[in-house]
Amino acid sequence: MPEAVTQAERPRAAEGGQIVDHRDGREVVLRLRGVRTQFGPKIIHDHLDFDVFRGEIVGLVGGSGSGKSVLLRTIIGLNQASQGTIEMLGVDTHTLHGEALRRMQARTGVQFQDGALFSSLSVSENIIVPIREHAGLDEELMREIAALKIALVGLPADASDKRPSELSGGMRKRASLARALALDPELLFLDEPTAGLDPIGAAHYDELVKGLSRSLGLTVLMVTHDLDSLNAICDRIAVLLDKRVVVGTMQELLTYDHPWVREYFHGPRGRAAARQE
């Protein structure tokens, strides 16, 4: 059965900046304990506990208003949790400031739902922005790295000099992913990466993310509502329920007794996604 990770803190070791789950030796690269997010009197999440292990792809789902994107933005530091701790790559993010914060940002990549590309810059220039900020390399080398990232996400070489407005929706998704990968991150955050794509384009994008995760050793936390993506590439699924989170494999969640979970995973779309496995 999936577990609601709300019980007392599990035994763990923190050695060399790594948090190790003593149950099976896997490294915890993202760890939330007792997290509360709220806006004024409205509490979105409360006493939320959650682990992500190195090398896995985790899908984050939940009903409308459950705060999927809010939680993602809180994890990456765009929102501030009102309570609790968030440990990323073995470090309490609340303690990060100045150069330490910059180093952590360089170890993570984020792809926002709308891509958030700079409209006045070319694809190559968009990718170079975080490289220039964090690495300070010479211009020629930064352009070579940008070209490599463009190829890595399956874009043609001539996309390098195009602006976002000259790209299709699917190509903009890949360009924003290339920028998220600019600094060779260990931990990648994706917000609704297949939203707006047709089924074929979404399936190709899923395979791209899965392939990159395996070949580059990426850990991926992906906010999504796409059941096909959950079936195709996610090792585990985290479901936001009642301000907390329940985590399990697809098979475990199919047997989880909660009204929203049953409706989501056993509804027409859930059955269709399962048939395509």
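Data block above holds the structure.
Here's a quick rundown of the structure. (Residues numbered from 1 in each chain as written. Predicted model: local features only at pLDDT ≥ 70, side-chain atom pairs only at ≥ 80, totals over all residues. Heavy atoms only, no water.)

### Quick word on the overall build of the protein chain
Looking only at helices and strands, the protein chain has ten helices and 13 strands in total. Every one of the 277 residues in the protein chain was classed for burial, and the buried ones make up 48%. Restricting the contact set of the protein chain to residue pairs at least 6 apart, pairs at least 24 apart contribute 65%. A total of about 13,100 Å² of accessible surface is found on the protein chain, and carbon and sulfur atoms cover 51% of it. (Helix = DSSP H or I, 4+ residues; strand = E, 2+ residues; numbered from the N terminus. Buried < 20%, exposed > 50% of the residue type's maximum accessible area, 1.4 Å probe, protein only. Contact = heavy atoms within 4.5 Å. Areas by Shrake-Rupley, 256 points an atom, 1.4 Å probe, with all protein chains shown as cover.)

### Concerning the side chain of Ser176
Its location among the elements puts Ser176 in helix H5 (residues 169-180). For Ser176, a relative accessible area of 2% puts it in the buried group. Polar contacts involving the side chain of Ser176 include one to the main-chain carbonyl oxygen of Lys173, which spans 2.8 Å. (Polar contact = N/O pair within 3.5 Å; in protein donor to acceptor, adjacent residues only side chain to side chain.)

### Some details on the nonpolar core
Leu177, Leu230, Ile237 and Phe265 are the most contacted members of the largest nonpolar core, which has 43 residues in total. By size, the runner-up hydrophobic cluster in this structure holds 25 residues, among which are Val29, Leu96, Met104 and Leu240. (Core = buried A, V, L, I, M, F, W, Y, C linked by side-chain atoms within 4.5 Å.)

### Quick word on the pairing of strand S11 (residues 219-223)
Summarising burial for S11: five of the five residues are buried, a large majority. The two faces of S11 match: Thr219, Leu221 and Val223 on one face and Val220 and Met222 on the other face are all buried. In terms of strand pairing, strand S6 (residues 57-62) meets S11 through four bridges, oriented parallel. What sits directly across from Val58, in S11, is Leu221. (Pairing = 2+ DSSP bridges.)

### Focus: the pattern of salt bridges
Applying the stated criterion across every chain, the model contains twelve salt bridges. Of the charged contacts in the structure, one is a salt bridge between Arg102 and Glu99, with a shortest N-O distance of 3.5 Å. With Arg102 and Glu99 both in helix H2 (residues 98-106), this residue pair falls three residues apart, about one helical turn. One salt bridge in this structure joins Arg107 and Glu186, with 2.6 Å as the shortest N-O distance. Of the two residues, Arg107 is situated in the loop between H2 and strand S9 (108-111) and Glu186 in the loop between H5 and strand S10 (187-191); the sequence distance between them amounts to 79 residues. Look at the salt bridges and you will find they share partners, linking Glu27, Arg54, Arg107 and Glu186 into a network. (Salt bridge = Lys/Arg side-chain N within 4 Å of Asp/Glu carboxyl O.)

### Topic: unusual backbone geometry
A positive phi is found at Asp242, a non-glycine position, where the angle reads about 55°. When you line up the elements, Asp242 lands in the loop between strand S12 (236-241) and strand S13 (244-248). Residue class for Asp242 comes out exposed when judged on its relative accessible area of 64%. Even without being a glycine, Lys243 presents a positive backbone phi close to 75°. Among the structural elements, Lys243 can be located in the loop between S12 and S13. Owing to a relative accessible area of 40%, Lys243 belongs among the partly exposed residues under this scheme.

### Some remarks on the environment of Gly67
Locating Gly67 in the fold gives a position in the loop between S6 and helix H1 (68-75). Separated by 174 residues in the primary sequence, Gly67 and Leu241 have C-alpha atoms spaced 9.9 Å apart. With residues up to four places along the chain from it excluded, the contact list for Gly67 reads Ile44, His45 and Leu240.

### Structural notes on helix H9 (residues 259-266)
For H9, the full list of buried residues reads Val261, Tyr264 and Phe265. Within H9, the buried residues cover an arc of 85° as seen down the axis, which keeps them to one side. In H9, the exposed residues that point more than 90 degrees away from the buried face are Pro259 and Glu263. (Arc of directions from axis to C-beta.)

### Here's the deal with the environment of Lys210
Inspection of the secondary structure puts Lys210 in helix H6 (residues 199-216). The exposure class of Lys210 is partly exposed, given its relative accessible area of 30%. C-alpha of Lys210 to C-alpha of Glu56: the two residues are 154 residues apart in sequence and 9.7 Å apart in space. Contacts of Lys210, omitting those with residues within four sequence positions, involve Ile57, Ala232 and Ile233.

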